[in-house]
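Here is what each chain is made of, one letter per residue.
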Amino acid sequence: MVRITKDTEIGQEFAGKPKKMIWERVWTFSGGVFTSQGWPKKNLHTDIEFAQNLGLPTVGVSATQYLGHMAELMIDLFGEAWLNHGRMSNVKFIKLVVDGDMLVSKAKVVGKEQEGSTVKYVLDIYVENQNHDKVLVGTATGIAG
Amino acid sequence: MSNQQTKMKSAHLMGLGEEFEPLEFIVTPEMNQQYLYAEEDFHPMYIEPRGDGPPLVHPGLLLNMSNNTRSPSFYLPPGWGEIHAGEETEYINPGRVGKKFRVTWKVIEAFEKRGRPWHVLDILVVDEDGVIIMRRKMTNTFASWELKR
């Protein structure tokens with residue numbers, strides 16, 4: 001069921017499910033397809049030595065993994081039709097996400113505009129970790145109605 | 001530049017207008033379920049057949065498989081890594097499980113900032129029927145011990 005309707009007010013805030021970035025899910029996302037030879041592929045998301053050789057303190061979670069969490073929240077807000085018209089813009093990944101972090105995707109309605117029989121919404125989007133530090137910030141649009 | 005030369009070129013040296021080798025892949029139900037686990041999102045629309053066709057491909061799978069590190073020609077020397085710094089994503093049509101997808105990558109901006117190379121890539125995901133699924137503009141920079149000196 002969609003959570004944003006034509007009647008949703010500017011200023012309203014929404015949150016997705018909290019998700020703990022356990023290594024099993026990080027490897028599953030970034031290690032390559034299970035059937036690929038040598039799974040998991042060594043990279044800065046799966047291998048601490050690889051990450052430290054780049055100057056990172058430890059492995060970092062792929063930004064597309066929590067961008068995917070944000071896509072889930074947008075589909076929760078606008079319905080699966082968001083996959084036909086949804087946009088995420090000016091997205092910046094501003095803090096390293098590591099194994100064990102607890103992330104929550106959040107969105108706040110900052111604009112709405114009538115477009116024929118539908119309403120186009122603009123949302124500030126961000127992902128926070130367990131310390132309430134923002135790790136992703138950006139803007140999203142979606143259509144209701 | 002030939003495909004072979006492009007294949008050997010380090011990603012951080014790719015210039016404006018150059019393209020990574022495209023990737024083609026088929027999304028099986030098992031591959032989709034791998035990403036449902038990774039994303040902790042088990043919505044039935046990604047699992048069960050629907051009135052209008054097969055289940056949908058999880059958007060996280062499409063994001064991951066359209067990172068340029070997935071290109072067959074992606075190469076960085078040992079000690080180098082690519083850092084995803086920014087993103088514009090446009091969802092145009094849902095992908096369907098069972099379809100073959102083709103991803104293309106083109107460098108549309110290449111610049112240096114604070115001593116590091118940066119790229120903006122135009123990324124297109126299209127299915128076997130020519131339906132455009134997703135368009136991205138991905139901003140990357142590069143990290144290595146060499147750059148830290």
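Worth saying up front: this structure is predicted, and the values here are computed from it rather than measured.

Parameters at a glance
- Residues numbered from 1 in each chain as written.
- Chains lettered and ligands numbered in written order.
- Predicted model: local features only at pLDDT ≥ 70, side-chain atom pairs only at ≥ 80, totals over all residues.
- Heavy atoms only, no water.
- Helix = DSSP H or I, 4+ residues; strand = E, 2+ residues; numbered from the N terminus.
- Buried < 20%, exposed > 50% of the residue type's maximum accessible area, 1.4 Å probe, protein only.
- Contact = heavy atoms within 4.5 Å.
- Areas by Shrake-Rupley, 256 points an atom, 1.4 Å probe, with all protein chains shown as cover.
- Lys, Arg positive; Asp, Glu negative; His and termini not counted.
- Charge placed at Lys NZ, Arg CZ, Asp CG, Glu CD.
- Pairing = 2+ DSSP bridges.
- Axes fitted to C-alpha atoms, helices over the stretch in contact; angles between N-to-C directions.
- Left-handed = near helix turned anticlockwise from the far one by under 90°.
- Nonpolar A, V, L, I, M, F, W, Y, C, P; charged D, E, K, R; others polar.

*Asks:* Talk me through the overall build of chain A; I want residue IDs and the actual numbers.
*Replies:* Scanning chain A from terminus to terminus reveals four helices and six strands. Mapped in sequence order, the helices and strands of chain A form the string β-β-α-α-α-α-β-β-β-β. For chain A, the residues scored as buried account for 49% of the 145 residues in total. In chain A, once contacts between residues fewer than 6 apart in sequence are set aside, the share between residues at least 24 apart is 62%. On chain A, roughly 6800 Å² of surface is accessible, and the fraction owed to carbon and sulfur atoms is 51%. Side-chain charges of chain A comprise 16 positive and 16 negative groups, with the mean position of each set lying 1 Å from the other.

*Asks:* How would you summarise the environment of Thr104 of chain B if you had to cite specific residues and measurements?
*Replies:* Residue and element names in this part refer to chain B. Topologically, Thr104 is positioned in strand 3 (residues 100-113). In sequence terms Thr104 and Ile133 are 29 residues apart; their C-alpha atoms lie 12 Å from each other. Once you skip the residues sitting within four places of it in the chain, Thr104 turns out to touch Pro22, Asp122, Ile123 and Leu124.

*Asks:* Can you explain unusual backbone geometry? Please cite residues and give values.
*Replies:* The omega torsion of the bond from Trp39 of chain A to Pro40 of chain A falls at 0°, within 30 degrees of zero and hence cis. Tracing the sequence through the fold places Pro40 of chain A in the loop between helix 1 (23-30) and helix 2 (48-53). Not every positive phi belongs to a glycine, and Asn90 of chain A is a case in point at roughly 50°. Residue position: Asn90 of chain A is located in strand 3 (residues 87-93). A positive phi is found at Glu40 of chain B, a non-glycine position, where the angle reads about 55°. Locating Glu40 of chain B in the fold gives a position in the loop between helix 2 (29-39) and helix 3 (59-65).

*Asks:* Let's hear about the environment of Lys41 of chain A: which residues, and what values?
*Replies:* With respect to the secondary-structure elements, Lys41 of chain A resides in the loop between helix 1 and helix 2. Taking the C-alpha atoms as reference points, Lys41 of chain A and Val26 of chain A, separated by 15 residues in sequence, lie 12 Å from one another. With residues near it in sequence (within four places) discarded, Lys41 of chain A still touches Gly31 and Thr46 of chain A together with Thr69 of chain B.

*Asks:* Residues and numbers for the pairing of strand 3 of chain B, please.
*Replies:* All names here are of chain B. Pairing analysis gives six bridges linking strand 1 (residues 19-26) to strand 3, with the strands arranged antiparallel. Along strand 3, the bridge assignment pairs Phe25 with Phe101. Sheet topology note: the strand 3/strand 4 (residues 116-127) ladder contains twelve bridges and is antiparallel. Bridged to Lys113 within strand 4 is Arg116. Between strand 3 and strand 4, which pair antiparallel and follow one another directly, the connecting turn spans two residues, one of which, Arg114, has a positive phi of 50°.

*Asks:* How would you explain the packing of helix 1 of chain A against helix 2 of chain B if you had to name every residue and give the values?
*Replies:* Where helix 1 of chain A contacts helix 2 of chain B, the axes come no closer than 8 Å and their chain directions differ by 145°. The chirality of how helix 1 of chain A crosses helix 2 of chain B is left-handed. Residues Glu24, Arg25, Thr28 and Phe29 of chain A of helix 1 of chain A form the contact with helix 2 of chain B, whose participating residues are Gln34, Tyr35, Tyr37, Ala38 and Glu39 of chain B. Its residues placed into classes, the contact of helix 1 of chain A with helix 2 of chain B shows four nonpolar, two polar and three charged.

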